[in-house]
Amino acid sequence: MFRVSILLEIVIFILDEFASQSFNSRPVYNTKLLAIVILLAILCCGGCQQITQPPNAHAPSAQIIQPPGAQPPSAQITQSPNAIVAQDGSGNYNTIMAAVLAAPTNSIENYYIQIKEGTYNECVQIEEWQTNIVLIGEGMDKTIILGNKSYGGVNGKGFMAQDITFRNTAGANNQMAAALRATADHCTFYRCQFDGFQDTLYSHVGKQFYRECKILGTIDLICGDAAAVFQNCLIEARLPLPGQYNIITAQQRNAENRTTGFVLQNCTLKLATPDEDNVTVYLGRPWDKFSRTVVMQSYIDVLINPRGWIEFEGLPLVRPFYMEYENRGPGANTNGRVKWALITSDPKIASNFTVRHFINGKEWIPSTVPHYLDLL
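These figures come from a predicted structure and were not determined experimentally. (Residues numbered from 1 in each chain as written. Predicted model: local features only at pLDDT ≥ 70, side-chain atom pairs only at ≥ 80, totals over all residues. Heavy atoms only, no water.)

Right, let's get into the sheet that holds strand 21 (residues 268–271). Strands pair in a sheet through their backbones, by hydrogen bonds, and they do so in one of two ways: parallel or antiparallel. As summarised here, the arrangement of the eight strands in space is 3-6-9-12-15-18-21-24, forming an open sheet in which the pairing is parallel. Of all strands in the sheet, those with a lone pairing partner are strand 3 (118–121) and strand 24 (299–300), marking the two edges. (Pairing = 2+ DSSP bridges. Helix = DSSP H or I, 4+ residues; strand = E, 2+ residues; numbered from the N terminus.)

In C-alpha cells form, the structure reads like this:
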C-alpha cells in the first residue's frame, strides 16, 4: 500500500505540472518530467509483482534431486482400458484368458486389459503373435493369478504387467515350479510379485526390466538366459527343504558372444522369515558355461555364505562372469569369495551393466515406469 500511495502522488504531481506549464516552453523541465515518467515505469515493472504477491506466500519449492539418469516418479496409466476383467460380471470378461484371446494379433499399439481385484485360478499364456499386451491389476495383494502347473508364459513382444501377483501353488516338494516364464523381448514388470519355491521366475529369453517387484522362492529364484535388469526389487529367500540351501540366481548364458545376463541393482536381498538364520544362502550358480550375473549397489540383509557363489552340481565350471559392486549390508562382506568371481569398485566396469547400456532401456521401457538409466 505504501508503494501505491507514492505512485498516486507522482501521478498527481505530473498532472498539476501539465496544467500549469506549457509543455514545449521549458525543455529542461520536460527532461525532468521524462525522468519522472521513467521512474514511474520502473516502479510499476519492478514493484507491482511484489504488491500483488499474496501475504505469507511461500518461495518456490526446491527441486527434487534424482539419482543420475533417474526418471521422475511414475505417471499413472491414464489410458482407458480396452477390456475389463472382473469375476463379479461387472467387466467385459470373467477370465483373463478370455480378454487376452480377444485382443488383436500383432498389434503395434498397446492393448490395455484391466484386471479387477480377485484371485484368478488360470494359466495365462501370451502367445508370440499377441504383442504389446498390458495387464493392469489393482495391487499385488488384490489381483492374484495362481496355478499349480509349471508356469504361465509370456511370448509376445512388448508385454507389460503392473500391480499383479503371479503365484505357483505347487509347493516346495514338487521342485521346479515357476510362477511365470518370460520368453519375449521388451518385457516390463512393475510392482509385481512372483511367488513360488524352486525356479520362481523363469526369465528365459529377451531384454526384460523388473522394477519394484517382489520375488519369493528357495532354489534358483531367478533363472534363465534373458538380458534382465532388476531395479529396486525385494528378493526374499524362503525356508528350503531339509538338506537344501537357497540360491538367488541361476543364469544360463552358453556362449561368450551372447549379450545376456542378470543384473540386480539397488535391490534388497533378505530372508522371508527371521527364523531362517541357520539357512545357507548363495548369490547364484552358473547354469551354463558362460553364466553372467551382477549384483550392484544392493542391500544384502541375508547372511550370505562367505564364498558368495557356488558351482552348479554336475556341470563343468568353464568361464562364468560373476561380479559384485558397491553392495551394502551384513551380507555384503566379500572376504572369502570364490576366486572366479569379480569384486570391483570401478564405476567404468559397473556402467556396462546399467539399464542404459545393458538392455538399452532408454529406447523401450514405458514412460509410466520409473527407472534410472545409470549408476546411482
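A separate point is the pairing of strand 19 (residues 246–251). Most of strand 19 is tucked away, with six of its six residues classed as buried. Relative to strand 19, strand 16 (residues 219–224) runs parallel, the two sharing four bridges. Each bridged residue has a counterpart across the sheet, and for Gly224 the counterpart in strand 19 is Gln251. (Buried < 20%, exposed > 50% of the residue type's maximum accessible area, 1.4 Å probe, protein only.)

So, on to the sheet that holds strand 10 (residues 180–183). The seven strands are arranged 4-7-10-13-16-19-22 in an open sheet whose pairing can be described as parallel. Two strands in the sheet have a free side with no partner beyond their single neighbour: strand 4 (125–126) and strand 22 (281–286). As judged from the four bridges shared by strand 10 and strand 13 (residues 201–205), these two strands associate in the parallel manner. Within strand 13, the residue paired with Arg181 across the bridge is Tyr202.

In this structure, Gln208 sits in strand 14 (residues 207–211). Look at Gln208 and you get buried, because its relative accessible area is 0%. There is a polar contact of 2.7 Å between the side chain of Gln208 and the side chain of Ser203. Of note is the side chain of Gln208, whose polar atom sits 2.9 Å from the backbone oxygen of Val205. Excluding residues that lie within four positions of it along the chain, Gln208 makes contacts with Ala182, Thr183, Ala184, Cys187, Ser203, Ala226, Ala227, Ala228, Val229, Ile359 and Trp364. (Polar contact = N/O pair within 3.5 Å; in protein donor to acceptor, adjacent residues only side chain to side chain. Contact = heavy atoms within 4.5 Å.)

This next bit is on the environment of Phe209. Within the secondary structure, Phe209 sits in strand 14. For Phe209, a relative accessible area of 0% corresponds to the buried category. A sequence separation of 22 residues divides Phe209 from Gln231, and the C-alpha atoms of the two residues are 7.8 Å apart. With sequence-adjacent residues up to four places away left out, Phe209 is seen in contact with Cys187, Thr188, Phe189, Val229, Gln231, Val355, Ile359, Trp364, Ile365, Val369, Pro370 and His371.

On to the confidence of the model for the chain. With 77% of its residues at a pLDDT of 70 or more, the chain shows a mean pLDDT of 84. Confidence over residues 1–8 falls short of pLDDT 50; this stretch has seven contacts with residues more than four positions distant or in other chains. (pLDDT = per-residue confidence, 0-100.)

Attention now moves to the nonpolar core. Among the nonpolar cores identified, the biggest contains 59 residues, and Ile113, Phe159, Phe166, Phe189, Phe194, Tyr210 and Phe230 are the most heavily contacted of them. With four residues, helix 3 (residues 96–101) is the single largest residue contributor to this core. Setting aside anything within four residues of it in sequence, one finds Tyr210 in contact with Ala182, Phe189, Phe194, Leu201, Ser203, Ala228, Val229, Phe230, Gln231 and Cys233. Ile136, Met296, Phe353 and Val355 belong to the second-largest nonpolar core, a separate cluster that totals 23 residues. (Core = buried A, V, L, I, M, F, W, Y, C linked by side-chain atoms within 4.5 Å.)

Turning our attention to unusual backbone geometry. Unusually for a residue other than glycine, Asn106 sits at a positive phi of about 50°. Residue placement: Asn106 occurs in the loop between helix 3 and strand 2 (111–115). The backbone of Asn232 sits at a positive phi, close to 55°, despite the residue not being glycine. Topologically, Asn232 is positioned in the loop between strand 17 (227–231) and strand 18 (234–237).

So, on to the pattern of salt bridges. Pairing is possible between side chains of opposite charge, provided their charged atoms come close. Under the defined criterion, the tally for this structure stands at 11 salt bridges. With a closest N to O distance of 3.2 Å, Glu311 and Arg307 form a salt bridge. Two residues, Asp374 and Arg356, come together in a salt bridge whose shortest N-O distance is 2.8 Å. Of the two residues, Asp374 is situated in the segment after helix 5 (355–358) and Arg356 in helix 5; the sequence distance between them amounts to 18 residues. Its relative accessible area of 28% is what places Arg356 among the partly exposed residues. One network of salt bridges, with partners in common, ties together Arg167, Asp195 and Arg238. (Salt bridge = Lys/Arg side-chain N within 4 Å of Asp/Glu carboxyl O.)

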